[in-house]
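Below, each chain spelled out in residue letters.
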Amino acid sequence: MATAKGPLYIGFDLSTQQLKGLVVNSDLKVVYLSKFDFDADSRGFPIKKGVITNEVEHEVIAPVAMWLQALDSVLSDLRKQGLDFSLVRGISGAGQQHGSVYWGQEAEALLKGLDEKRTLEEQLSGAFSHPYSPNWQDASTQKECDEFDEFLGGVEALAVATGSKAHHRFTGPQILRFQRKYPDVYKKTLRISLVSSFLASLFLGHIAPFDISDVCGMNLWDIPKGTYHEELIKLCAGSSGAEDLKKKLGDVPEDGGADLGKVHRYYVDRYGFSPDCTVIPSTGDNPATILALPLRPSDAMVSLGTSTTFLMSTPSYKPDPATHFFNHPTTPGLYMFMLCYKNGGLAREKVRDAINEKKGENNPSNPWANFDSIALQTAPLCQTSDSNPMKMGLFFPRPEIVPNLPPGQWYFNYNPADGSLIETEDGWNKPDDEARAIIESQLLSLRLRSRGLTSSPKEGMPAQPRRVYLVGGGSKNKTIAKIAGEILGGSDGVYKLEIGDNACALGAAYKAVWALERSNGQTFEDLIGQRWHEEEFIEKIADGYQKEAFERYGKAVEGFEKMELQVLEQEAKKSSC
């Protein structure tokens, strides 16, 4: 690693399965890295993959004391590696989104009185009114989600106000369930933190405020108004009242780079931090990811893993129940747009395996060879001439949330000339036609739901992303990249982004650099963009905008939207029978 000359900045990533601490210098070079794996390294907690699961109530929780153990361990390891903590000028972090931490009445006194001779776990295990944090995988709040969705008159109204419809993992429904299940504990709760603000609290020695982006993952923050939503707060607070809950939640600074205060004396005396080291608001893991690039307005990031995630930085606030909007973690006037799909890599692999089985051959070193070859040889939308219908389908081996459908496969022919849509498998050469169709299906869904959030990047071009960045396992597949450029566009092209599994910690560290080294009014994108060496992280792997293909897929989007609505109506009728 690079020579560690100051000033240095630490970004932490408190995820489901590990805590990571990553140190960068002013040039954004990584100089130290430490990880604490909860399953492998923690002591005394009955966890599996970082959590405890209660199948009966669909609860997924994590012991908060385990995170205390992890933080001292990571800091000790960084010291063993040779990190001079006195050179660390700023600290920020990323936390798994939506998780909540419940502090007891003695929390502030215990945080303030930390003794460097004892561990955090020894001193703070009694600081919580409830020893567990609901994890983002928790699914125990269906009743509460239904109440949130209906409270303002429907899911659309809730999405307009808070950026999202209600979801099991969101903190508002979680708090509503908590105060009903543990009413006495709730009354004794002094403050409620998100995982991100919990992390910042440990370094400050008092309870930190929420981050302006992470607060949007609660269904409690009125994004257009920039304040808590009074009616939703009343719903969530129950008999204790809205003012009590607002005190428990605390204020939210608008500046994502705000100076929250200096690091607590505990870290100065125990690890050698400078007493002038500044704590910056920690944000959620998804907002931190877009800071690791850094994404410029209208750039799009597509994560092609087991699931599919789409992230975009945009000045447009156009919420929809199928999507998520958050305030941008650093830049006022920008929003973070996010889509989450359960079906991604597994759906593509199912088609790949069917093709290999049909051919009776498989290349262990490249199991995608047959899939890629067939997908590239297949005409877009299997349309060998303009007079032929477009073939499109939905391929969901798992239940999907975008759109909300059970597992299944649906096949359609669409004629853009007259708008006719016919559900049929006639003319489909399966599984060969599915190779291109499944890629198109996933990318058409992204284009459908992100339209209206981009502008024309160059004169004469239709609205589209400036760049499309692919991350995750599927980013190495140049066939997917080629089709992504045809469907999504990208005036500057399609790029593979390689930041390993350190994106969240990197984004947090970059946030600290920006907060403390920015000039007056300098944006995160400007400062980090000047220092970020993109040639070390990205590679252009496909062309983006191609006029004829982009226009053809623009027509296909209309049919794709009709197809989804038809399938949703059909499944709704089945479930009502």
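Thresholds applied
- Residues numbered from 1 in each chain as written.
- Predicted model: local features only at pLDDT ≥ 70, side-chain atom pairs only at ≥ 80, totals over all residues.
- Heavy atoms only, no water.
- Helix = DSSP H or I, 4+ residues; strand = E, 2+ residues; numbered from the N terminus.
- Rg over C-alpha atoms; globule rule 2.2 N^0.38 Å.
- Buried < 20%, exposed > 50% of the residue type's maximum accessible area, 1.4 Å probe, protein only.
- Contact = heavy atoms within 4.5 Å.
- Areas by Shrake-Rupley, 256 points an atom, 1.4 Å probe, with all protein chains shown as cover.
- UniProt positions renumbered as here; feature names shortened; annotations may be inferred.
- 1 Å grid on protein atoms, 1.4 Å probe; cavity = no way out; pocket = protein on both sides within 12 Å on 5 of 7 lines; lining within 4 Å.
- Points joined across faces, edges and corners; volume = space filled by probe spheres on them.
- Nonpolar A, V, L, I, M, F, W, Y, C, P; charged D, E, K, R; others polar.
- Axes fitted to C-alpha atoms, helices over the stretch in contact; angles between N-to-C directions.
- Parallel < 35°, antiparallel > 145°, perpendicular 65-115°, else oblique.
- Core = buried A, V, L, I, M, F, W, Y, C linked by side-chain atoms within 4.5 Å.
- Pairing = 2+ DSSP bridges.
- Polar contact = N/O pair within 3.5 Å; in protein donor to acceptor, adjacent residues only side chain to side chain.
- Salt bridge = Lys/Arg side-chain N within 4 Å of Asp/Glu carboxyl O.
- Disulfide = S-S within 2.5 Å.

Further remarks concern the overall build of the chain. Per the secondary structure count, the chain includes 20 helices and 26 strands. By the compact-globule yardstick of 25 Å for 577 residues, the chain fits well, its C-alpha radius of gyration being 24 Å. Expressed as lengths along the three principal axes of its C-alpha atoms, the size of the chain is roughly 75 × 60 × 50 Å. Taking all 577 residues of the chain together, the buried fraction comes to 59%. The contacts of the chain with a sequence gap of at least 6 include a subset with a gap of at least 24, amounting to 72%. As presented, the chain carries roughly 22400 Å² of accessible surface, and 49% of it is formed by carbon and sulfur atoms.

Under the local residue numbering, the UniProt record ascribes the feature "domain: Carbohydrate kinase FGGY C-terminal" (unreviewed entry) to residues 300–516. Helix makes up 31% of residues 300–516 and strand 25%. Its end C-alpha atoms lie 27 Å apart.

A few words now on the environment of Ser-491. For Ser-491, the location among the structural elements is in the loop between helix H17 (478–488) and strand S25 (494–497). As for Ser-491 and Ser-456, which are separated by 35 residues in sequence, their C-alpha atoms are 9.0 Å apart. Setting aside chain neighbours within four positions, we find Ser-491 in contact with Pro-457, Lys-458, Met-461, Gln-464, Pro-465, Arg-466 and Tyr-545.

In this section: empty space enclosed by the protein. Counted according to the given criterion, the structure contains 2 cavities of 30 Å³ or more. If you add up the space inside the largest cavity, you get close to 120 Å³. What lines the largest cavity is a set of 15 residues, and nearest its centre among them are Tyr-341, Phe-396, Ser-441, Gln-442 and Ser-445. If you list the elements that add at least two residues to the lining of the largest cavity, you get strand S19 (390–396), helix H16 (432–450) and helix H20 (547–576). The element best represented in the lining of the largest cavity is H16, accounting for 5 residues. Of the residues that constitute the lining of the largest cavity, the class distribution is 8 nonpolar, 5 polar and 2 charged. Considering only enclosed or pocket space, the second largest cavity measures out at about 50 Å³ in volume. As for the second largest cavity, its lining consists of Val-302, Leu-304, Thr-308, Arg-348, Ile-439, Gln-442, Leu-443, Leu-446 and Ile-480. Within the residue set of the lining of the second largest cavity, elements represented by two or more residues are strand S15 (300–304) and H16.

Right, let's talk about the packing of helix H10 (residues 230–237) against helix H11 (residues 242–249) for a bit. At a minimum axis distance of 8 Å, the contact between H10 and H11 shows a crossing angle of 95°. Comparing the axis directions of H10 and H11 gives the class roughly perpendicular. Between H10 and H11, the contacting residues are Glu-230, Ile-233, Lys-234, Cys-236 and Ala-237 on the first element and Ala-242, Leu-245, Lys-246 and Leu-249 on the second. For the contact of H10 with H11, a count of residues per class yields 6 nonpolar, no polar and 3 charged.

With numbering aligned to this structure, UniProt lists the feature "domain: Carbohydrate kinase FGGY N-terminal" (unreviewed entry) at residues 136–291. For residues 136–291, the helix share is 47%, the strand share is 9%, and the end-to-end C-alpha distance is 21 Å.

Grouped together as the largest cluster of nonpolar side chains are 123 residues, with contacts concentrated most on Ile-175, Leu-249 and Leu-497. Setting aside chain neighbours within four positions, we find Ile-175 in contact with Tyr-102, Tyr-186, Ile-192, Met-218, Leu-220, Cys-236, Leu-245 and Leu-249. Counting residues in hydrophobic clusters, the runner-up holds 56 residues, among them Leu-19, Val-101, Ala-107 and Leu-260.

With that settled, consider helix H19 (residues 524–531). Those residues of H19 that sit buried are Phe-524, Glu-525, Leu-527 and Ile-528. Packing partners of the buried residues in H19 comprise helix H13 (285–291) and helix H18 (503–517).

Below, the discussion takes up the sheet that holds strand S22 (residues 408–415). Strand order in the open sheet formed by 3 strands is S19-S22-S23, and the pairing between neighbours is antiparallel. Pairing within the sheet leaves two strands with one partner each, and these edge strands are S19 and strand S23 (420–423). The average undirected angle you get between the axes of adjacent strands in this sheet is 25°. Taken together, the 4 bridges between S22 and S23 define a ladder with antiparallel strand orientation. Paired with Asn-413 across the strands is Ile-422, a residue of S23. Contacting S19, S22 and S23, H20 runs over the sheet at an angle of about 50° to S19.

Let us look at the sheet that holds strand S5 (residues 59–63). Strand order in the open sheet made by the 3 strands is S4-S5-S8, with antiparallel pairing throughout. Each of the sheet's edge strands pairs with one partner strand only, and the pair in question is strand S4 (52–54) and strand S8 (132–134). Averaged over all neighbouring strand pairs, the angle between strand axes comes to 35°, with direction disregarded. Relative to S8, S5 runs antiparallel, the two being bridged by 3 bridges. Within S8, the position partnered with Ala-62 by the bridge is Ser-133.

A few words now on the side chain of Asn-135. One can find Asn-135 in the loop between S8 and helix H5 (142–151). In this structure the side chain of Asn-135 is engaged in a polar contact, spanning 2.8 Å, whose partner is the side chain of Gln-137. Among all residues touching Asn-135, those that are not within four sequence positions of it are Thr-16, Val-51, Val-60, Ile-61 and Gln-96.

In a structure, side chains of opposite charge can pair up when their charged atoms sit close to one another. The full count for this structure, using the stated rule, is 43 salt bridges. In this structure, Arg-451 and Glu-558 form a salt bridge, with 3.2 Å as the shortest nitrogen-oxygen distance. Of the two residues, Arg-451 sits in the loop between H16 and strand S24 (468–471) while Glu-558 sits in helix H20, which places them 107 residues apart along the sequence. Assessed through its relative accessible area of 38%, Glu-558 is described here as partly exposed. The partner of Glu-498 in a salt bridge is Lys-476, with the nearest N and O atoms 3.9 Å apart. Separated by 22 residues along the polypeptide, Glu-498 in the loop between S25 and H18 and Lys-476 in the loop between S24 and H17 bring together distant segments of the chain. What makes Glu-498 partly exposed here is its relative accessible area of 36%.

Attention shifts here to the state of the cysteines. For the structure shown, the criterion picks out 0 disulfides. For the unlinked cysteine Cys-340, the closest cysteine sulfur is that of Cys-504, found at 13 Å. Look at Cys-504 and you get buried, because its relative accessible area is 14%.

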